[in-house]
Amino acid sequence: MIEIEESLRPWLAIACPALAAIFILFSSKLPNLREGWTLLASIVQFWMIYSMVPVILKGTTIESYLFTVFPGIQFGFKVDAFGLIFAITSSFLWILVSIYSIGYMRALREHAQTRYYCCFALAIFGAVGIALSGNLVTMFIFYEILTVSTYPLVAHEQTPEALFAGRKYLAYLFTAGCFLLGAVVLTYSLAGTTDFDKGGILSVAIAPRSVLMVLFVFFLLGFMKAAYMPFHSWLPTAMVAPTPVSALLHAVAVVKAGVFGIVRMVCYIYGIDLMHELGLGIMLASLAAFTMIVASLFAIAQDNLKRRLAYSTISQLSYIILGVALLSPMGITGAMIHIPFHGFMKITLFLCAGSILVTSGKENISEMGGIGRAMPITMMAFTVGALGMCGAPPTGGFISKWFLGLGTLQAGNLIFLAVILISSLLDIVYFFPIIYTAFFAKSGGTTLRLNKGRKIKEAPLFMVVPLSITALLSIVFSFPNPFTDTILNLARMAVSILGGG
Amino acid sequence: MQTAIQHFPVLIVAISLVSAISILVAGWTNKKTPPFISITTVLAQFVASILILNHVLTKGPIHYWLGGWKPPWGIEYVVDVLNAYVLVILLFLGLTCAVYSKRSIEHELPQKTVSFYALYQLLITGLCGVTVTGDIFNMYVFIEIMSLSAYALIGSRGKIALKASFTYLVLGSIGACFFLLGIGFLYSVTGSLNMHDLSILLPPLYGNKMVRAAFVLFIVGLSVKMAFFPLHTWLPDAHAFAPSEISAMLSGIIIEVCTYAFIRLAFSVFSVNFLTLLPIFDILCWVAGIAIIMGSLLAMTQFNLKRMLAYSSVANMGYIMLAVGLSTSAKNFPWCGLTPALMHMLNHALMKGCLFLVAGAFIYKADLWNIAELRGLGRRMPYTCAAFVIAAISMIGVPPSVGFVSKLYIIFASLEAKKFAFVAILLVSSLLNLVYFWRVIETMYMKREEGEEHAHASMNSRDEIPLSMLIPVLGLASLCMVMGVLWLAGITIPILNKVNAMFGLMVVR
């Protein structure tokens, strides 16, 4: 039924950031050329990935395998609708963040910029590799590459604090990697394959229930990048990284790789029927619900803007986990489209936080009184992002929450609907004070001036343009247009193939 | 052509021995010649070993009767896939170290270049001899040639290195005694020293206590030589204070050739039937498991970079011996039999060779021994440090490096053997590797010097090692990744499968 097309396009898409990383290393003396490679690679990569969309929407799967690792495991890519959603998100946001990075890194005169751009490209290499990989082994390889390549970004500042964050990051994520490797190996030895298959590759026929349960826990620990509680604390700590890093990696690539993995595992390794049979859906949903509420409560207590955003990310990621854990078609659709929508909104928020940091040096919310009047565009964009997080109507966030809500109804689990609503309410509680402070609070005299007496203005154009684009897109997503349709269609496609419910 | 290759096994040993002597003579007149003679010889040997491997793969084993004497009486050299494979590894690393040592020995031991290269060539002679021989007493002789030259090379720095060398000498000699006793026991029962002959004579005698004792003596004797965990105590000092290329050879080759000797004895002289008779390999697995964990834990406590790498070698010998221990119970393609063990031999040689050569580069450039002193080197010596990072993440087991492939294969083997504890041990060990290797990487790249705000100041003072040292280092580092992909792609697996087929360690489909 499903046609398969052999194509080199996944390889080309992967090759872009890999080649870029090499070129960047060798043009460290020429900043303009170096950043040029990044931009060129990001645009070509997005074009490559987007060119696969029509093929996939026709119901074809693009496959390309290089060699056989073990009998039944081939190293290579299998592009399906769901993977493409994640790949599009990562590669598109890479373009914007690259532009933003140029402004940010130059404005702050950051050191080791070559290392920064090189590792950034490698991280995207990992993320897109995860998105396109056709089986668990390939995915694991890229998953580890992502972990290693993001370490220099997290510890970029090289202060003791940043080094601590880097260590913590590695400690968490490498432990996760070990669990994931264990899980992958066990899956292979049980099922004899690790390919992602629509109906799942495990069943009660091939292993005792207890083994499957343990394996599930291994997988879950393996995808610690999803930052569900109580294994979340690496994420707020990692916020010492430069803001574009936090933006792309900690709101998009790294954490999304985690939730992406969980969705892959639930839908394509276990399969919806087996999840029902083992009762694992409700367990996963409870974990997600717990994280959604508690992380929001944590977020309220944070004064550092980036840390507050980090906790918001933790909470929002669990929306995705919850969506898939409901095991209903609507829920899974919601989860899948929340990946790009949340990506766009959260990146807007982070980019705004970065702009504020660059122009005013302020990191704490309490010091940001009246900053909205000094930086109107930035804070308008921030407001859009915040509204999206709360799921207010004219943003993409509304659509994904709508689907998630329908998903809870479809699964017949009203408790989780309540959890979604309460969590949205909490979102308002912690986002609104920021907007209020920015626009309406008194600036308190000198707070809006820098040390040298210069007035705070908008950030450089390199930074304002990307964040305006993401903010605009966050709104555009809520209206029918080709881009939204593409993502919705891809999600529908993925879910219809899954055929669960 | 075929007849010429028949002579290669003995030629490989002979030209090495001849070159050791000619280095002495030539060095007498011109001090500049020894490195070139040595490099040329090892290069010739390396090419010969590749030809041998090719011949063995396509046409079958080579038998060479020394002096034309028939096997049970005369000494026989037998080269099958297993020796040929080990031979290629050892000569490749030998070549790399020879190229590397030219500049570094001129710097470190300017008075002793002649004797260094003469001994180095003797070491290679011993290593090649152990590998190609088909006679257990001859194997003992070559193990001693190799060890004696290693003792001298380790002590060549003088001072504290002499103590390290002496410790190794004492323990190594004890190990050799055990080995010799084992040979004596076997000889007293069978009256033969030829491996092939023994493998025919032994099966009816598997119940014999002498034979069993001989096997235990072999295990203990070789365990000392290969620094298998409880008997590893000579290794850290020897590795730490030897010249770095010798550390690389020690860690990458010498202890692994001893492992080869063990594999050869266990599977060629004895056989799988004997090994499954007793729970020896189960015990071996557990000791190896302890070795992996203890080696890594001890490595974490070290301040000296080379000592840390030395303890890491102890852990890695654990990996190899664990894989050997699992070899009789894992029978499914592609992780069947000795594949993981032999694979890790090559992988460890590449990784550890690279790491020790990098450590040597730090000593060469700035006399840096301790991890804490490595601050800011990431900028000063970018290529060397990049090589270190690649080799270190290979040790940790980040895909697609060689370390990852070894880890994966050993995990699969232990899963098939239903020994799940080892899966956990391997995963924990890769975390421990992360801890102690990342400490070095962090110091090299991330830690700032006192009072330094941005690392711009040291940016200009790039200070790399000479090209003749850099190329071996970078070559090994890139091979860490390239071989990883080759293993994953399964291109080199068939070689190892021939070994398994030879020893009957594979399910025939």
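Small disclaimer: the values here were computed from a predicted structure and weren't measured. (Residues numbered from 1 in each chain as written. Chains lettered and ligands numbered in written order. Predicted model: local features only at pLDDT ≥ 70, side-chain atom pairs only at ≥ 80, totals over all residues.)

K.L.:
Sorry, what's going on with the overall build of chain A here?
P.N.:
A count of helical and extended segments in chain A gives 20 helices and three strands. Scaling as 2.2 N^0.38, a compact globule of 501 residues should have a C-alpha radius of gyration of about 23 Å, and chain A matches this with 21 Å. Buried residues in chain A amount to 61% of all 501 residues. (Helix = DSSP H or I, 4+ residues; strand = E, 2+ residues; numbered from the N terminus. Rg over C-alpha atoms; globule rule 2.2 N^0.38 Å. Buried ≥ 20, exposed ≤ 12 C-beta atoms within 10 Å, placed from the backbone.)

K.L.:
How do you make sense of the overall build of chain B when you look at a structure like this?
P.N.:
Helix and strand content of chain B: 20 helices and two strands. In summary, chain B has a C-alpha radius of gyration of 22 Å against a globular reference of 23 Å for 509 residues, a match within 12%. C-alpha extents for chain B along the principal axes are approximately 75 × 60 × 40 Å. Every one of the 509 residues in chain B was classed for burial, and the buried ones make up 60%. For chain B, long-range pairs separated by at least 24 residues make up 80% of all intrachain contacts whose partners lie at least 6 apart in sequence. (Contact = placed C-beta atoms within 7 Å.)

K.L.:
Would you mind going over the pairing of strand E2 (residues 76–79) of chain B with me for this structure?
P.N.:
Every other side chain in a regular strand lies on the same face of the sheet, so the side chains alternate between the two faces. Residue and element names in this part refer to chain B. Burial along E2 is two-sided: the residues Glu76 and Val78 and Tyr77 and Val79 are all buried. Summarising the sheet, strand E1 (residues 62–65) and E2 pair through four bridges and their orientation is antiparallel. By the bridge assignment, tryptophan 65 is partnered in E2 with glutamate 76. (Pairing = 2+ DSSP bridges.)

K.L.:
Would you explain the sheet that holds strand E1 (residues 3–6) of chain A in this entry?
P.N.:
Each strand in a sheet pairs with another by means of backbone hydrogen bonds, the pair being arranged parallel or else antiparallel. Residues and elements named next belong to chain A. Spatially, three strands are ordered E1-E2-E3 in an open sheet, and the strand pairing comes out mixed. In this open sheet, the two strands that pair with only one neighbour each are E1 and strand E3 (73–79). Across the sheet, the mean angle separating the axes of adjacent strands is 40° when strand polarity is ignored. Relative to strand E2 (residues 60–70), E1 is paired through four bridges, and the arrangement is parallel. What sits directly across from isoleucine 4, in E2, is threonine 61. (Axes fitted to C-alpha atoms, helices over the stretch in contact; angles between N-to-C directions.)

K.L.:
Teacher, can you tell me more about unusual backbone geometry here?
P.N.:
Phi is mostly negative for residues that are not glycine, and the peptide bonds are mostly trans. Cis geometry marks the peptide bond from Met229(A) to Pro230(A); its omega dihedral reads 0°. Residue placement: Pro230(A) occurs in the loop between helix H8 (209–222) and helix H9 (234–237). Note the cis peptide between Pro399(B) and Pro400(B), where omega equals 0°. Checked against the element boundaries, Pro400(B) lands in the loop between helix H16 (382–396) and helix H17 (402–416).

K.L.:
How do you make sense of the packing of helix H2 (residues 33–59) of chain B against helix H4 (residues 113–132) of chain B when you look at a structure like this?
P.N.:
Packed helices, taken two at a time, are described by their axes: the angle between them and the distance between them. Residues and elements named next belong to chain B. At their nearest, the axes of H2 and H4 sit 9 Å apart, and the two run at 15° to each other. Between H2 and H4, the crossing angle belongs to the class labelled roughly parallel. In this structure, H2 crosses over H4, and the sense of that crossing is left-handed. Residues Pro34, Pro35, Ser38, Thr41, Val42 and Gln45 of H2 form the contact with H4, whose participating residues are Thr113, Val114, Tyr117, Tyr120, Gln121, Ile124 and Cys128. Broken down by class, the residue content of the contact of H2 with H4 amounts to eight nonpolar, five polar and no charged. (Parallel < 35°, antiparallel > 145°, perpendicular 65-115°, else oblique. Left-handed = near helix turned anticlockwise from the far one by under 90°. Nonpolar A, V, L, I, M, F, W, Y, C, P; charged D, E, K, R; others polar.)

K.L.:
Please explain helix H19 (residues 461–476) of chain A as it appears in this structure.
P.N.:
At 3.6 residues per turn, the α-helix brings residues three or four places apart onto the same side. Over its 16 residues, H19(A) runs 22 Å from end to end, which matches the ideal 22 Å to within 8%, given 1.5 Å per residue. Residues of H19(A) that are buried make contact with helix H4 (81–107), helix H14 (329–360), helix H16 (376–390) and helix H17 (396–411) of chain A. (Expected span 1.5 Å × (residues − 1).)

K.L.:
Looking at this structure, I do not really get the interface of chain B and chain A. What am I missing?
P.N.:
Accessible area lost upon the coming together of the parts serves often as the stated size of an interface. The partner chain A presents 22 residues to the 24 residues of chain B that form the contact. Going through the elements one at a time, H17, helix H18 (420–446) and helix H19 (467–489) of chain B are the ones with two or more residues in the side of chain B that touches chain A. Here the side of chain B that touches chain A takes eight residues from H18(B), the largest share from any one element. Its residues assigned to classes, the side of chain B that touches chain A comprises 18 nonpolar, four polar and two charged.

K.L.:
Would you explain the confidence of the model for chain B in this entry?
P.N.:
It should be kept in mind that the predicted coordinates are not to be read in detail where pLDDT is low. Per-residue confidence for chain B gives a mean pLDDT of 86, with 96% of residues at or over 70. Model confidence for the complex is summarised by a pTM of 0.90, with the ipTM given as 0.87. (pLDDT = per-residue confidence, 0-100.)

K.L.:
Which parts of the structure should I look at to understand the nonpolar core?
P.N.:
Among soluble globular proteins, nonpolar side chains are generally buried collectively. Ranked by size, the top nonpolar core spans 404 residues in total, and within it Ile321(A) and Cys354(B) carry the most contacts. With 20 residues, the single largest contributor to this core is helix H10 (residues 243–270) of chain A. (Core = buried A, V, L, I, M, F, W, Y, C linked by C-beta atoms within 7 Å.)

K.L.:
Just to check I follow, could you spell out the environment of Ile200(B) for this structure?
P.N.:
Residues and elements named next belong to chain B. Relative to the helices and strands, isoleucine 200 is located in helix H7 (residues 195–201). For isoleucine 200, a count of 12 C-beta atoms within 10 Å puts it in the exposed group. Measuring from C-alpha to C-alpha, the distance between isoleucine 200 and serine 251 comes to 34 Å, with 51 residues separating the pair along the chain.

K.L.:
Please explain H2(B) as it appears in this structure.
P.N.:
Residues and elements named next belong to chain B. In this model, H2 (27 residues) spans 38 Å end to end at C-alpha, consistent with the 39 Å of a helix rising 1.5 Å per residue. Every buried residue belonging to H2 is among Pro34, Pro35, Ser38, Thr41, Val42, Gln45, Phe46, Ala48, Ser49, Ile52, His55 and Val56, and all of these are buried. Looking one or two residues past H2, glycine 60 carries a phi angle of roughly 100°, positive in sign.

K.L.:
Explanation requested: the packing of helix H6 (residues 136–154) of chain A against H10(A) in the structure shown.
P.N.:
Residue and element names in this part refer to chain A. At a minimum axis distance of 11 Å, the contact between H6 and H10 shows a crossing angle of 160°. In terms of axis orientation, H6 runs roughly antiparallel to H10. H10 is crossed by H6, and the crossing has left-handed handedness. Facing H6, whose interface residues are Tyr143, Leu146, Thr150 and Leu153, H10 presents Val245, Leu249, Val254 and Ala257. In terms of residue class, the contact of H6 with H10 is made up of seven nonpolar, one polar and no charged.

K.L.:
I keep staring at the pairing of E2(A) and nothing clicks. Help me out?
P.N.:
As paired strands, E2(A) and E3(A) are joined by seven bridges and run antiparallel to one another. Paired with Ile62(A) across the bridge in E3(A) is Val79(A).

K.L.:
Got a minute to help me understand the environment of Leu8(A) in this structure?
P.N.:
All names here are of chain A. With respect to the secondary-structure elements, leucine 8 resides in the loop between E1 and helix H1 (9–26). Given 12 C-beta atoms within a 10 Å radius, leucine 8 is considered exposed. For the pair leucine 8 and tyrosine 65, spaced 57 residues apart in sequence, the C-alpha separation works out to 9.4 Å.

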